[in-house]
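Architecture and fold: a report
Now for the letters of each chain:
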Amino acid sequence: MPTASLNEIVHAALSGQVVSFPTDTVPALAVSPPYAALVFAAKKRTFDKPLILMAASAADLWDYVEGNQEEREIWRQMTEKHWPGPLTLVLPASEKVPKVLNPNDPSTIGIRVPAHAIAREILGRTGVLATTSANLSGQEPLLTPEAIMTTFPSVTVLAPTERQAWGIINSGQPSTVARWQCQRWDILRQGAVFL
């Protein structure tokens, strides 16, 4: 698959194709949520490792989670402090979340807003996408468009020259993952954000 412009990435994602673009942590594989099974297949990933929902803003994600007013206020305070940024929150999923994103536990969903201008521009035009790191399951994340194209020849990859997007990957390490459970945060993976 040849590399694509930003407009072509948006069109491909809206057409149900798997796309790849940089984020503030590691490059993502992304697809419209109803087509999430395509990402599992491409990564050779088992269904016990869920995908997350990524969006341009927190407001785009709240319909995908379910909680009472007090919980939502706690979650909002956390996102105001750390988003956009390398923090994934695992929260109770609403009925809007396709079960294929987390087949083993459809009661929860991970959500994140990346601190990367190009990623947020893409997400602002596509709406919420189901995402994961660009790598084969169990292997290290791929950090360049060339490596992603070699490993995933059927994936539409943002061109390396597009607004120099690939030159501003901030960390190269995955996001911190925090799950809301029993009225407290449980750290599932320590990444760039320390809570």
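Overview of the structure. (Residues numbered from 1 in each chain as written. Predicted model: local features only at pLDDT ≥ 70, side-chain atom pairs only at ≥ 80, totals over all residues. Heavy atoms only, no water.)

Think of a ball as big as a water molecule: rolled over the atoms, this probe shows where empty space is left. If you add up the space inside the largest pocket, you get close to 720 Å³. Around the largest pocket, the lining is made up of 33 residues, and of these R45, P50, I52, T132 and R189 lie nearest the centre. Broken down by secondary-structure element, the contributors of at least two residues to the lining of the largest pocket are β3 (52-54), β4 (87-92), β5 (108-112), β6 (129-133), β8 (176-181) and β9 (184-189). If you tally residues by element for the lining of the largest pocket, the top one is β5, at four residues. A per-class count over the lining of the largest pocket returns 13 nonpolar, 14 polar and six charged. (1 Å grid on protein atoms, 1.4 Å probe; cavity = no way out; pocket = protein on both sides within 12 Å on 5 of 7 lines; lining within 4 Å. Points joined across faces, edges and corners; volume = space filled by probe spheres on them. Helix = DSSP H or I, 4+ residues; strand = E, 2+ residues; numbered from the N terminus. Nonpolar A, V, L, I, M, F, W, Y, C, P; charged D, E, K, R; others polar.)

Turning our attention to the pairing of strand β2 (residues 28-31). It is a general feature of regular strands that their side chains alternate between the two faces of the sheet. Residues of β2 alternate between two faces, with A28 and A30 on one and L29 and V31 on the opposite face, all of them buried. When strand β1 (residues 19-21) meets β2, the two strands line up antiparallel, connected through three bridges. From the neighbouring strand, V19 faces β2, where its bridge partner is A30. Here β1 folds back onto β2 in antiparallel fashion, the turn holding six residues. Looking at chain direction, β2 and β6 are connected through four bridges and run antiparallel. Among the inter-strand pairings, V31 is bridged to a residue of β6, identified as A130. (Buried < 20%, exposed > 50% of the residue type's maximum accessible area, 1.4 Å probe, protein only. Pairing = 2+ DSSP bridges.)

One way to put it is that helix α1 (residues 6-14) packs onto helix α4 (residues 117-126) with a least axis distance of 9 Å and a crossing angle of 45 degrees. Here α1 lies oblique to α4, going by the angle between them. Between α1 and α4 the crossing geometry is right-handed. Of the residues in α4, those in contact with L6, N7, I9, V10, A13 and L14 of α1 are I118, E121, I122, R125 and T126. Of the residues assigned to the contact of α1 with α4, the class counts are seven nonpolar, two polar and two charged. (Axes fitted to C-alpha atoms, helices over the stretch in contact; angles between N-to-C directions. Parallel < 35°, antiparallel > 145°, perpendicular 65-115°, else oblique. Left-handed = near helix turned anticlockwise from the far one by under 90°. Contact = heavy atoms within 4.5 Å.)

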